[in-house]
Amino acid sequence: MGRILAYVEKLNVLDTAGVTPTTHALDVTNAFRDDVVQPSLSQQEALANGPRVNGEAFVVPKVI
Amino acid sequence: MELASLTIHELHALLVRREITARQLTESVLARIAAVEGRVQAYITLDREGALAQAEAADQRLAAGETNPLCGIPLAIKDVLCTKGLRTTCGSKILENFLPPYDAAVIEKFKAAGAVLVGKASMDEFAMGSSNENCAYTVPRNPWRLDAICGGSSGGSAAAVAADECIAALGSDTGGSIRQPASHCGVVGIKPTYGRVSRYGLLAYASSLDQVGPLTKDVRDAAIMLQAISGHDQRDSTSINAPVPDYTAALVEGVAGMKIGIPKEYFGAGLDPEVEAAVRNAIRQLEAAGAEAVEVSLPHTEYGVAAYYIIAPAEASSNLARYDGVRFGYRDLAADTLHDMFCQSRSQGFGPEVKRRIIIGTYALSSGYYDAYYKKASQVRTLIVEDFTKALAQCDALLSPVAPTPAWRLGEKASDPLAMYLSDALTIPTNLAGLPGISVPCGLSTAGLPIGVQLQAAPFAEEKLLRLAFNLEQRLDLVGKKPALA
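Predicted, not measured: the structure shown is a model, and the values here were computed from it.

The rules behind each value
Residues numbered from 1 in each chain as written. Chains lettered and ligands numbered in written order. Predicted model: local features only at pLDDT ≥ 70, side-chain atom pairs only at ≥ 80, totals over all residues. Heavy atoms only, no water. Helix = DSSP H or I, 4+ residues; strand = E, 2+ residues; numbered from the N terminus. Rg over C-alpha atoms; globule rule 2.2 N^0.38 Å. Lys, Arg positive; Asp, Glu negative; His and termini not counted. Charge placed at Lys NZ, Arg CZ, Asp CG, Glu CD. Buried < 20%, exposed > 50% of the residue type's maximum accessible area, 1.4 Å probe, protein only. Polar contact = N/O pair within 3.5 Å; in protein donor to acceptor, adjacent residues only side chain to side chain. Contact = heavy atoms within 4.5 Å. Buried area = accessible area lost by both parts, 1.4 Å probe. Salt bridge = Lys/Arg side-chain N within 4 Å of Asp/Glu carboxyl O. Nonpolar A, V, L, I, M, F, W, Y, C, P; charged D, E, K, R; others polar. Pairing = 2+ DSSP bridges. Right-handed = clockwise from strand over helix to strand, strands pointing away. Axes fitted to C-alpha atoms, helices over the stretch in contact; angles between N-to-C directions. Phe/Tyr/Trp six-rings, centres within 6.5 Å; stacked < 30°, edge-to-face > 60°.

**Student:** Give a description of the overall build of chain A that names residues and reports values.
**Tutor:** Secondary structure assignment for chain A yields two helices and zero strands. Here the C-alpha radius of gyration of chain A, 23 Å, is well above what a compact globule of 64 residues would show, namely 11 Å. Reported as C-alpha extents along the three principal axes, the dimensions of chain A are approximately 55 × 40 × 25 Å. Both charge centroids of chain A, one from 5 positive and one from 7 negative side chains, sit 17 Å from each other.

In structure tokens:
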């Protein structure tokens, strides 16, 4: 892990003052769609992969 | 001739003329798997019964006049794509029993086309790796030499195509994970433009880089597969609403008037002489077909790996936070407290490379280090994007090696993650810039291992890549050369 962090330090030889960061490769802005309710998973389907469920919710160890 | 060894377009012609049935074809693929899978180990999960049922449904459609080019074609799917009711592990123990409640968008498209889904192909855990050795289940062998890696992270997909254990496959590419294994296994692989293919139902690794694409036996099949999976999807907000061209129409003879840029930085120190010779020969072949080659420069190429190994782990550390043992995936049921449950489920469920990247990514995003790492890498990413914009203003596509060496021996880099990372230096910049790229076989090393050539183009210029790749393939005449599986 130390070697990897030492390796990425090589970016510091580049002068990036004033360079706009790229977080998204293509020039697209927010993608909006109409706020229409679409079919979604049933409660049963959504719970099917739960490691521990009680039929209507996921069960986890006591929080408080 | 075994049906399993043929291409999509050859088999489609036989299927629509009813000279063969989809059931016969699927049985041929399943027989091939039974014969060679013990040596290749390309699959994590096989679905023989489902495949045969899908083949029979395809036969009914074909009998009724169906002409979809994928109807009845047996495909392998990288285990990073959700398949409803069919186990999807992402190569990780943390998803050992995960049965997706829905299909990925590309799987919906395949099912609508009547394709036959044979099984889920092996991969590096969460698509993190370059040799497919980071898989919790099977480590596929390179069909050309069983002591060599098949590449990664879509290694099982590439090995399955090369070994005729499917007709074509899907993979995903975040830093070269389609192109590099395609190169090492002697098949064609396309990483489409970022946004060309919906990622709905793709298990996320690094969301600003991930893209789904095909691995196939020839360029025409790659065009057919790309056609089938491309297009806008409202459920993936990064998918682009742009028309999908007819990709097979791009496969025309000759490349007269096309200009190929040769980025000098891709031919630097560390490039294997046999790889360089095969790639230089590919340049000469395209020149003979009418293209003009010009030298171009991508001066920030050497910083790609460093930028990637900040950006991709940063995104992964966020994406993989969802594997907490609450709603799906592995949970340590012995944990007494919620905190212990989170920690122990993740500690026991993730493998070492995934943990390494989560830790690096969390560190790079942490308060006080964000500017030094993540912001810096994102600025360098801008410089890399600008390099490509300038270079691609001078030519139609960039031609280079895919990987600096042919496939290495299993285990050779397994204990040296940095050496493994550096092997992706020539494919990572494509993803940072969101460009399309293709890997096409261009030769064999003296050790009998395949060598691939990479073409990259401007966003949504897949047709140029396909046309150049098609002409290269015609002149190199490597299609149909089969690995010995020894």
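**Student:** Outline helix H7 (residues 219–229) of chain B, supporting the account with residue identities and numerical values.
**Tutor:** Residue and element names in this part refer to chain B. Of all 11 residues making up H7, eight are buried, and the element is well covered by its neighbours. For H7, the set of buried residues is Val219, Asp221, Ala222, Ala223, Ile224, Met225, Leu226 and Ile229. Looking at where H7 begins, the residue whose side-chain oxygen comes 3.3 Å from the main-chain nitrogen of arginine 220 is aspartate 218. Looking one or two places after H7, you find glycine 231, whose phi comes out positive at around 130°.

**Student:** Could you give an account of the interface of chain B and chain A, with specific residues and numbers?
**Tutor:** Taken together, the 55 residues of chain B in the interface contact 35 residues of chain A. Of the roughly 4,000 Å² buried between chain B and chain A on both sides combined, carbon and sulfur atoms contribute 68%. Taken together, the links from chain B to chain A amount to two salt bridges. For the salt bridge of aspartate 416 of chain B with arginine 3 of chain A, the shortest nitrogen-to-oxygen distance reads 3.2 Å. Listed by contribution, the elements that provide at least two residues to the side of chain B that touches chain A are helix H9 (304–319), helix H10 (338–349), helix H11 (352–365), helix H12 (371–392), helix H13 (417–422) and helix H14 (428–433) of chain B. Taken together, the residues of the side of chain B that touches chain A break down into 32 nonpolar, 14 polar and nine charged.

**Student:** Which residues make up unusual backbone geometry, and what values do they have?
**Tutor:** Residue and element names in this part refer to chain B. Cis geometry marks the peptide bond from glycine 152 to serine 153; its omega dihedral reads 10°. Looking at the element boundaries, serine 153 is found in the loop between strand E5 (145–149) and helix H5 (155–162). We note that cysteine 90 has phi near 60°; this positive angle belongs to a residue other than glycine. Locating cysteine 90 in the fold gives a position in the loop between strand E2 (74–78) and helix H4 (105–113). Note on cysteine 90: relative accessible area 0%, which makes it buried. The residue aspartate 164 is not glycine, and still its phi comes out positive at about 60°.

**Student:** Give me the pairing of strand E10 (residues 292–296) of chain B: which residues, what numbers.
**Tutor:** Residues and elements named next belong to chain B. Of the strand pairs in this sheet, strand E9 (residues 259–263) and E10 are connected by five bridges, and their pairing is parallel. Opposite proline 263, over in E10, you have valine 296 as the bridge partner. For the crossover that starts at E9, traverses helix H8 (residues 273–288) and ends in the parallel E10, the hand is right-handed.

**Student:** Provide a residue-level description of the sheet that holds E2 of chain B, including the pertinent values.
**Tutor:** All names here are of chain B. Read across the sheet, 11 strands follow the order E1-E3-E2-E6-E8-E7-E12-E13-E11-E9-E10 without closing on themselves; strand pairing throughout is mixed. At either margin of the open sheet sits one strand with a lone partner, and together these are strand E1 (43–46) and E10. When strand polarity is set aside, the average angle formed by the axes of neighbouring strands in this sheet is 30°. Together, strand E7 (188–191), E9, strand E11 (397–401), strand E12 (437–444) and strand E13 (450–456) form the strand contacts of helix H15 (residues 462–476), whose direction differs from that of E12 by roughly 10°.

**Student:** Could you give an account of the packing of aromatic side chains, with specific residues and numbers?
**Tutor:** All names here are of chain B. Overall, the coordinates contain 12 aromatic pairs over all chains when judged by the stated rule. On the numbers, 4.9 Å between centres and 55° between planes, the contact of phenylalanine 126 with tyrosine 323 is tilted. On the criterion of sequence distance, the pair formed by phenylalanine 126 in the loop between strand E3 (116–121) and strand E4 (141–142) and tyrosine 323 in the loop between H9 and H10 is long-range, its members being 197 residues apart. Tyrosine 323 matches phenylalanine 126 in its accessibility class, with the two residues each being buried.

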